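These are the residues of each chain, in order.
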Amino acid sequence: MDLFDYMRENTMEKESPLASRLRPSALDEVVGQQHIIGKDKLLYRAIKADKLGSVIFYGPPGTGKTTLARVIANSTSADFKQLNATVAGKKDMEEIIKEAKDALGMYGKKTILFVDEIHRFNKGQQDYLLPFVEDGTVILIGATTENPYFEVNGALLSRSRIFELKTLEKDDIKELIRRAVYDREKGMGSYQAVIDEDAMDFLADVANGDARAALNAVELGIMTTDRDTSDGKIHINIDVAQECIQKRVIRYDKAGDNHYDTISAFIKSMRGSDPDAAVYYLARMLYAGEDIKFIARRIMICASEDVGNADPQALMVAVSAAQAAERIGLPEAQIILSQAVTYVASAPKSNAACLAVFDALDAVKNQKTMPVPVHLQDSHYKGAGKLGHGQGYLYAHDYPNHYVKQQYLPDGMEEASFYRPTENGYEKKIKEHLDFLKK
């Protein structure tokens, strides 16, 4: 390192964002994530013993993935190299691998390679790392906000242990805010700022588990708020806090597991007849920018699959809402979707119609396909009448109640039952009608 590099590092350390300066240097300083770094946990013991194997840290932004990597860097006797997958190329990787081979060959020293945003590496880049991870040339630490099972090569996954980081609890965020405001060494204690308890509660709540969001708000508040003339201190009150973090952080990735978890909760809430939960998950998807056509499709499916004939109107409402939402667009479309969601969620439920087709498909798949009964066959095409097709068919409208008993299922399946109406909603009337016809 020359003089210019040293000066640049010192300058960056002093002027880097608060969230970066406040990162702990030792494992015991880390806030939260006790499910993986508690003193009885494998990761804690591996870091303390300097026996870490390849790992992938996976979790939402601001939960400490890079922090853990930095702690490992300070705790290990191995060389520590870092790449950011958003900007690193193959040449950068080749240089690190060469240095790792030299260190291992000449000094018997291992190299830990930390790849931030590892999901940004394409398949070729991930494949390049694989043999060097496999033979121990480098110990890989990957960090990703995306589900690694979606974004990281299976071969790398099989050689790494995955640790999922959870969103930080509100008390964890509050502890970090206190450090930020009052710590003179790493935080902003030298600014002589104070923060009200309600302001700290607000920031910790609105940050929604993202420590970085809370710390950025604290830094902005301290740097932009005038000192109080009565005591010479900077006061971070609830008004300042609200100005500094104006929008709740929402974690939602249209290609990852947050997307699947949210849509799953949305559908299950409609199926479970909880309109409040259903409209809440609708709001989360709308707020995060989900495609309204995708949302509308899920509502239509639920209206048929889970409501079915208990309320045939539900499908009509869902289809009409889908068409209206697409034609009108946002923001008004959210009102239309809300109407459909609350209707479907509140409607009586039955999956009897849904199960009927699956039971019938199972019969078609697993049983011998018998011919259509002769009296149901078409007699209109050329020569069909001479073959006796359609003979003996009883026209239902010629009989009382527009019903006449005759065989409709193929021979050998006369007693089969696929549609079994429930007692729910309108389907109860359907059941009563069918029972009446069978008398």
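Residues numbered from 1 in each chain as written. Predicted model: local features only at pLDDT ≥ 70, side-chain atom pairs only at ≥ 80, totals over all residues. Heavy atoms only, no water.

Novice: Please explain the overall build of the protein as it appears in this structure.
Specialist: Within the protein, the regular secondary structure consists of 20 helices and 7 strands. In summary, the protein has a C-alpha radius of gyration of 32 Å against a globular reference of 22 Å for 439 residues, an excess of more than 25%. In the protein, which comprises 439 residues, the share counted as buried stands at 41%. Across the protein, every contact between residues at least 6 apart in sequence was considered, and the portion connecting residues at least 24 apart equals 71%. Roughly 24700 Å² of accessible area belongs to the protein as shown, and the carbon and sulfur atoms make up 51% of that amount. Here the protein contributes 55 positively and 64 negatively charged side chains, and the mean placements of these two sets differ by 4 Å. (Helix = DSSP H or I, 4+ residues; strand = E, 2+ residues; numbered from the N terminus. Rg over C-alpha atoms; globule rule 2.2 N^0.38 Å. Buried < 20%, exposed > 50% of the residue type's maximum accessible area, 1.4 Å probe, protein only. Contact = heavy atoms within 4.5 Å. Areas by Shrake-Rupley, 256 points an atom, 1.4 Å probe, with all protein chains shown as cover. Lys, Arg positive; Asp, Glu negative; His and termini not counted. Charge placed at Lys NZ, Arg CZ, Asp CG, Glu CD.)

Novice: Looking at this model, I keep getting lost on the sheet that holds strand β3 (residues 111-116). Mind explaining?
Specialist: Adjacent strands of a sheet form backbone hydrogen bonds with each other and so pair up, either parallel or antiparallel. Read across the sheet, 5 strands follow the order β2-β3-β4-β1-β5 without closing on themselves; strand pairing throughout is parallel. The sheet is open, and its two borders are formed by β2 (79-84) and β5 (161-164), each paired with just one other strand. Each neighbouring strand pair of the sheet contributes to a mean axis angle of 15°, computed without reference to strand direction. Bridging between strand β1 (residues 55-58) and β5 involves 4 bridges; their strand directions are parallel. Bridge pairing in β5 places I56 opposite I162. Each of β2 and β3 touches helix α6 (residues 90-107); the most contacted strand, β2, lies at about 170° to it. (Pairing = 2+ DSSP bridges. Axes fitted to C-alpha atoms, helices over the stretch in contact; angles between N-to-C directions.)

Novice: Before we go on, may I ask you to explain a nonpolar patch on the surface in this structure?
Specialist: Taken together, the side chains of Y149, F150 and Y260 present a nonpolar region at the surface, about 380 Å² in accessible area. Looking at the secondary structure, you find F150 in helix α8 (residues 148-151). (Patch = residues over 30% accessible without salt bridge, like charges linked within 9 Å, V, L, I, M, F, W, Y side chains within 5 Å. Salt bridge = Lys/Arg side-chain N within 4 Å of Asp/Glu carboxyl O.)

Novice: Is there a simple way to think about the packing of helix α15 (residues 275-287) against helix α18 (residues 333-346) in this case?
Specialist: Two packed helices can be described by the angle between their axes and the distance between those axes. Between α15 and α18, whose axes approach to 9 Å, the crossing angle comes to 150°. Classed by the angle they form, the pair α15 and α18 counts as roughly antiparallel. For the element pair α15 and α18, the recorded crossing hand is right-handed. Contacts between α15 and α18 involve P275, A278, V279, L282 and L286 from the former and Q334, L337, S338, V341, T342, A345 and S346 from the latter. Its residues assigned to classes, the contact of α15 with α18 comprises 8 nonpolar, 4 polar and no charged. (Parallel < 35°, antiparallel > 145°, perpendicular 65-115°, else oblique. Left-handed = near helix turned anticlockwise from the far one by under 90°. Nonpolar A, V, L, I, M, F, W, Y, C, P; charged D, E, K, R; others polar.)

Novice: Where do I start with the environment of D116 in this structure?
Specialist: Within the secondary structure, D116 sits in strand β3. Between the C-alpha atom of D116 and that of I141, which follows or precedes it by 25 residues, the distance is 8.3 Å.

Novice: What should I look at first to understand the packing of aromatic side chains in this one?
Specialist: Under the criterion given, the structure shown has 5 aromatic pairs. For the pair Y280 and Y281, a centre-to-centre distance of 5.2 Å together with 65° between the ring planes defines the contact as edge-to-face. The partly exposed category is assigned to Y280, whose relative accessible area is 44%. (Phe/Tyr/Trp six-rings, centres within 6.5 Å; stacked < 30°, edge-to-face > 60°.)

Novice: Please explain helix α19 (residues 352-366) as it appears in this structure.
Specialist: Think of an α-helix as 3.6 residues a turn; residues three or four steps apart then line up on the same face. The end-to-end C-alpha separation of α19 is 21 Å, in line with the 21 Å expected for 15 residues at 1.5 Å each. Along α19, the positions that sit buried rather than exposed are A352, C354, A356 and A363. Along its buried surface, α19 packs onto α16 (292-307) and α20 (427-438). (Expected span 1.5 Å × (residues − 1).)

These figures come from the coordinates and say nothing about function on their own.
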